[in-house]
Protein chains: 2
Amino acid sequence: MKIIIDAMGGDNAPSAPVEAAVKAVKEFGVDIVLVGDTDIVRKELSKYGYQGNEITIAHADDVISNHEEPAKAVRSKKTASVVVAANMLKNGEGDAMLSMGNTGALLASGLLIVGRIKGVLRPALATLLPSAKGPKMLIDAGANTNCKAENLVQFGIMGSIYMKNVLNIVNPTVGLMSNGEEEGKGDDLTKETFPLLKEAPVNFIGNIEGRDVMEGTADVITCDGFVGNVILKTVEGMGHVVSQKVKDIFMKGLLTKIGALFVMKGLDDFKQTMDYREYGGAPLLGTKKPVIKGHGSSDSKAVFSAIYQAKKFVETNVIDEIVNNIN
Amino acid sequence: MKIIIDAMGGDNAPSAPVEAAVKAVKEFGVDIVLVGDTDIVRKELSKYGYQGNEITIAHADDVISNHEEPAKAVRSKKTASVVVAANMLKNGEGDAMLSMGNTGALLASGLLIVGRIKGVLRPALATLLPSAKGPKMLIDAGANTNCKAENLVQFGIMGSIYMKNVLNIVNPTVGLMSNGEEEGKGDDLTKETFPLLKEAPVNFIGNIEGRDVMEGTADVITCDGFVGNVILKTVEGMGHVVSQKVKDIFMKGLLTKIGALFVMKGLDDFKQTMDYREYGGAPLLGTKKPVIKGHGSSDSKAVFSAIYQAKKFVETNVIDEIVNNIN
C-alpha cells in the first residue's frame, strides 16, 4: 500500500509529515510518497538518517497557502503539492492521500481531480470528535455550506460505513442534529431529512441536540456543513479556553502547583482522550479514492495517526462499500 | 416596580421562585407577584416567615408542563400560571415577567399575549453565555428556527441595546455567526445578512466563528434560532461532560483528593464564572414589555439573579430604546 502525503501543507510542514512518514514506514509497513520541493524534503529526510526505499519523493514546485481562494488556486497552480498529490492518486500512483494544508484546496482537489463516486451528490468532510463515549463522527464538518435533505442522508450512510469499517463500531447509530429531540422539531432542512433517514440503510436514532455531541449519544452526527463547522469550532474553542483556564489555576502559586502534582496524571489522561491528535485526520467521504485532511496544526504524532487512519481507510474497503450503498 | 413571577414553572418550583422572591423584595426593593396555586404558594411563603406586603399572590389553577405543545397549551389553558402572568403584564399589573417553565409556552405567551413591538418582525430569545472575556449574548438562542436576514439584523440591534443598558457595555460589538471570518463566507442566510448589518445602527465586526463563542470575540452573537440552539446546547453539554470528568479525576483516590484541596478554590471560582446561574435568565427581546426566561433547572440563587436582571431590564428602558431603533 502506498500513501501519498502533501509534505508542504500545514503549520509544521515539512518537518511533521516527514518525521511521521519515517516512523510510519517502519511501524505500519506502508510505502509513502512525499510530495513537495525535492531539495527541502530530501534535506528534512536526511535529519532522520533515513536510507530505505519505502519513502519516495515526488517533486512539486509550488504550495497553496491558507490565504488563497481554494478552487481558483487548484485550477491555476498545476504544480502545487496538493494538486500533484491528487493527480497521483487519480492516476493510481498511490492508494490514499493526506494533506495538512489549506482545507478548501484539498476539498477542491478531491472534487475536481480525484472525483466523486457515482451517485454521491456531495462528498463531505467527516471529523472525529471526542465524547464521553469515545470518538464520534461529525459529518459534514464544513465542506458543504448549503445542503439538501438528500445530502444529509448520504452523509449518514457514508459516515456509518466509515465508523463500522475504520473504527470497528457494530451497527453505528446515526443522529440528525436538530434543535429538539422530538420528531417534528427542526428547521426546514432537518424536517425534510428526518423521514428520509428513517427509510435509509442506517441505524437512525432520530433527532439529537447540541448536548449530545459531547455526551456521545450517536456514533454519526449528520448535519449541513455550516452547522457542522460551527459545532466543530465551538468545541475546539471551548476546549482551548477551559484547558488554558485550568492551567492558569494550577500555576497560580506554590500550593496549587503542589496540588497539581497529585492530579496531573488523571488530567493528562483526560486531555489525551480529548485530543484531536489521537484521532488522526478528517476523511473526505464520497470521492473515488481515500482523501484525508489532517489538522493544520498537526505535529508529527498527529500526522502519524492520520497515516494509520489512511491505511485502515484503504484496507477496510470503505470506498467499495460506499459505491455499493449509494445509488 | 413590580415583577410578575410564574411560581409554578421550572424543576424547582415553587420553592426556588418563592425563596428568591422573599430575598429579592428585601435586597432590591421591588414588589413581586407570585402567580400560581394560592394554597401552595402561601404554604411555601410561610416557610420563610414572610409577613410583608411587597409580595402578593395571583391565583392560577393550572400549569403548562414541559411536555405540552406550547402554542396550543397557551391558547387553551387560560388559567395556566404563565398565561395568567402574561395577561397581568399586558394589563399593566406589573412591569416585567419571569418564568422558569416550558420555554415554548413562555415564548408563545410573549408573542400572543404581551405582543410584539411594532416593527419587530420576530422577538428573539437572548442567552448570556460565559466566555474568556465575560458574559456575551447569543441571540437568537432558539425562538425562531427559520430566519430571514432582516431578523438577524434586528437581533443584532436589540441585543446591542440590551448589552449596553443592562450589562453596561460601551458600544457593544456584534458578530455574525458564520463558517469563516472573511466577508463572503457563510450560507445563503448569513451572506444576505452581512451587508445589511454593515448598514445597521450597530458596532458590526463582521463574521465570527464557533471558536469565538468561548473566546468572547463579540459582545453580541447574532444567528438564527436553529444555530443558536445548537451552540447553546453544545456548550452546555461540553461543560457538563468536562466538569464531571474533572470531578471523577479528583475523587479517584486519597492522593488526588489531597491534590484537589490545593486547587479547589481556583476551580470553584472558575466554575462560578462559567455558571449560567450567575447571569440570570434569557430575555425575550422584541415584546412590548420585559419577558425573561429563567433556566428550567434554576435554583433560588438563579431565580434571584433573574429577578435582578428583570429589574435592570425595566429601569434601563431597554424597551423604549428598541422601539426607537427598530422601524
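This text follows the structure it describes.
Residues numbered from 1 in each chain as written. Chains lettered and ligands numbered in written order. Predicted model: local features only at pLDDT ≥ 70, side-chain atom pairs only at ≥ 80, totals over all residues. Heavy atoms only, no water.

## Remarks on the interface of chain B and chain A
Many analyses report the size of an interface as the accessible area lost when the parts associate. Taken together, the contacts link 46 residues of chain B with 46 residues of chain A. Summed over both partners, the interface of chain B with chain A buries about 4,200 Å², with 76% contributed by carbon and sulfur atoms. Three residues stand out in chain B for area buried against chain A, namely B:Phe226, B:Met238 and B:Phe262, and they jointly supply 16% of the buried area on that side. Joining chain B to chain A, the criterion identifies 4 salt bridges. Between A:Lys233 and B:Glu209 there is a salt bridge, with the nearest N and O atoms lying 2.1 Å from each other. Inspection of the chain B/chain A interface yields 9 residue pairs in polar contact (both at pLDDT 80 or more). At the level of secondary structure, the elements contributing two or more residues to the side of chain B that touches chain A comprise helix 7 (188-199), helix 8 (211-215), helix 9 (225-250) and helix 10 (254-273) of chain B. A total of 19 residues in the side of chain B that touches chain A trace back to one element, the largest contributor, which is helix 9 of chain B. Of the residues assigned to the side of chain B that touches chain A, the class counts are 23 nonpolar, 15 polar and 8 charged. (Contact = heavy atoms within 4.5 Å. Buried area = accessible area lost by both parts, 1.4 Å probe. Salt bridge = Lys/Arg side-chain N within 4 Å of Asp/Glu carboxyl O. Polar contact = N/O pair within 3.5 Å; in protein donor to acceptor, adjacent residues only side chain to side chain. Helix = DSSP H or I, 4+ residues; strand = E, 2+ residues; numbered from the N terminus. Nonpolar A, V, L, I, M, F, W, Y, C, P; charged D, E, K, R; others polar.)

## Concerning the relation of the copies chain B and chain A
Applying a rotation about an axis and a shift along it to one chain copy brings it onto the other copy. Screw-axis analysis of chain B against chain A gives a translation of 0.0 Å along the axis, an RMSD of 0.0 Å, and a rotation angle of 180°. Here the symmetry operator amounts to a two-fold rotation axis. Across chain B, the smallest distance between a C-alpha and the rotation axis is recorded for B:Gly259, namely 2.0 Å. An overlap of 100% is found between the interface residues of chain B and their copies at the interface of chain A, pointing to a shared contact surface. (Least-squares fit on C-alpha atoms with pLDDT ≥ 70 in both.)

## Side note on the pairing of strand 7 (residues 173-177) of chain B
All names here are of chain B. Taking burial as the measure, the 5 residues of strand 7 include 5 buried ones, the bulk of the element. Side chains Thr173, Gly175 and Met177 project from strand 7 onto one buried face, and the interleaved Val174 and Leu176 project onto a second face that is buried too. Taken together, the 4 bridges between strand 7 and strand 8 (residues 203-208) define a ladder with parallel strand orientation. Across the sheet, residue Leu176 finds its bridge partner in strand 8, namely Asn207. (Buried < 20%, exposed > 50% of the residue type's maximum accessible area, 1.4 Å probe, protein only. Pairing = 2+ DSSP bridges.)

## Focus on unusual backbone geometry
Most peptide bonds are trans, and most residues other than glycine sit at a negative phi. The omega torsion of the bond from A:Ile139 to A:Asp140 falls at 15°, within 30 degrees of zero and hence cis. Mapping A:Asp140 onto the fold places it in the loop between strand 6 (136-139) and helix 6 (149-166). Across the junction of B:Ala13 and B:Pro14, the peptide omega takes the value 0°, indicating a cis bond. Here B:Pro14 shows up in the loop between strand 1 (2-6) and helix 1 (15-28). Positioned with a positive phi, A:Asn317 is a non-glycine residue whose angle comes to about 55°. For A:Asn317, a relative accessible area of 42% puts it in the partly exposed group. One non-glycine residue, B:Asn171, lies in positive phi territory at about 50°.

## Remarks on the sheet that holds strand 8 (residues 203-208) of chain A
All names here are of chain A. Spatial ordering of the open sheet is given by 3-2-1-4-11-10-5-6-9-7-8, a layout of 11 strands whose pairing is mixed. Of all strands in the sheet, those bounded by a partner on one side alone are strand 3 (55-59) and strand 8. The mean inter-strand angle of the sheet, taken between neighbouring strand axes irrespective of direction, is 25°. Direction of pairing for strand 5 (residues 124-129) relative to strand 6: antiparallel, over a ladder of 4 bridges. Note that in strand 6 the partner of Leu129 across the bridge is Lys136. This element, helix 4 (residues 81-90), spans strand 1 (2-6), strand 2 (31-36), strand 3, strand 4 (96-99) and strand 11 (291-293) of the sheet and lies at about 170° to strand 4. (Axes fitted to C-alpha atoms, helices over the stretch in contact; angles between N-to-C directions.)

## Things to note about the nonpolar core
Residues A:Ile32, A:Leu34, A:Ile55, A:Leu285, A:Ile307 and A:Ile322 are the most contacted members of the largest nonpolar core, which totals 63 residues. Sorting elements by how many residues they give to this core places helix 6 of chain A first, with 9 residues. Sequence-distant contacts of A:Ile32, that is, excluding residues within four places in its chain, are made with A:Ile3, A:Ile5, A:Ala21, A:Ala24, A:Val25, A:Glu54, A:Ile55, A:Thr56 and A:Ile307. Within the second largest apolar cluster, 62 residues are counted, among which are B:Tyr50, B:Tyr162, B:Ala200 and B:Val303. (Core = buried A, V, L, I, M, F, W, Y, C linked by side-chain atoms within 4.5 Å.)

## Notes on the packing of helix 9 (residues 225-250) of chain A against helix 9 of chain B
At a minimum axis distance of 10 Å, the contact between helix 9 of chain A and helix 9 of chain B shows a crossing angle of 35°. Between helix 9 of chain A and helix 9 of chain B the crossing geometry is right-handed. Two secondary-structure elements touch here, helix 9 of chain A through A:Phe226, A:Val227, A:Val230, A:Ile231, A:Thr234, A:Val235, A:Met238, A:Gly239, A:Val242 and A:Phe250 and helix 9 of chain B through B:Phe226, B:Val227, B:Val230, B:Ile231, B:Thr234, B:Val235, B:Met238, B:Gly239, B:Val242 and B:Phe250. Classifying every residue of the contact of helix 9 of chain A with helix 9 of chain B by side-chain character gives 16 nonpolar, 4 polar and no charged. (Left-handed = near helix turned anticlockwise from the far one by under 90°.)

## A closer look at the sheet that holds strand 3 (residues 55-59) of chain B
All names here are of chain B. What the 11 strands build is an open sheet, ordered 3-2-1-4-11-10-5-6-9-7-8; its pairing is mixed. In this open sheet, the two strands that pair with only one neighbour each are strand 3 and strand 8. Averaged over all adjacent pairs, the angle separating strand axes in this sheet is 25°, with direction ignored. Sheet topology places strand 6 (residues 136-139) next to strand 9 (residues 220-222); 3 bridges connect them, and they run parallel. The partner of Leu138 across the bridge, within strand 9, is Ile221. Packing of helix 4 (residues 81-90) onto the sheet brings it into contact with strand 1, strand 2 (31-36), strand 3, strand 4 (96-99) and strand 11 (291-293), and relative to strand 4 it is tilted by some 170°.

## Details of helix 6 (residues 149-166) of chain B
Residue and element names in this part refer to chain B. An ideal rise of 1.5 Å per residue puts 26 Å on 18 residues; helix 6 measures up with 26 Å between its terminal C-alpha atoms. Of all the 18 residues making up helix 6, 16 are buried; the element is thus mostly covered by neighbouring parts of the structure. Note on helix 6: the residue one or two positions beyond its end, Asn168, has a positive phi of about 55°. (Expected span 1.5 Å × (residues − 1).)

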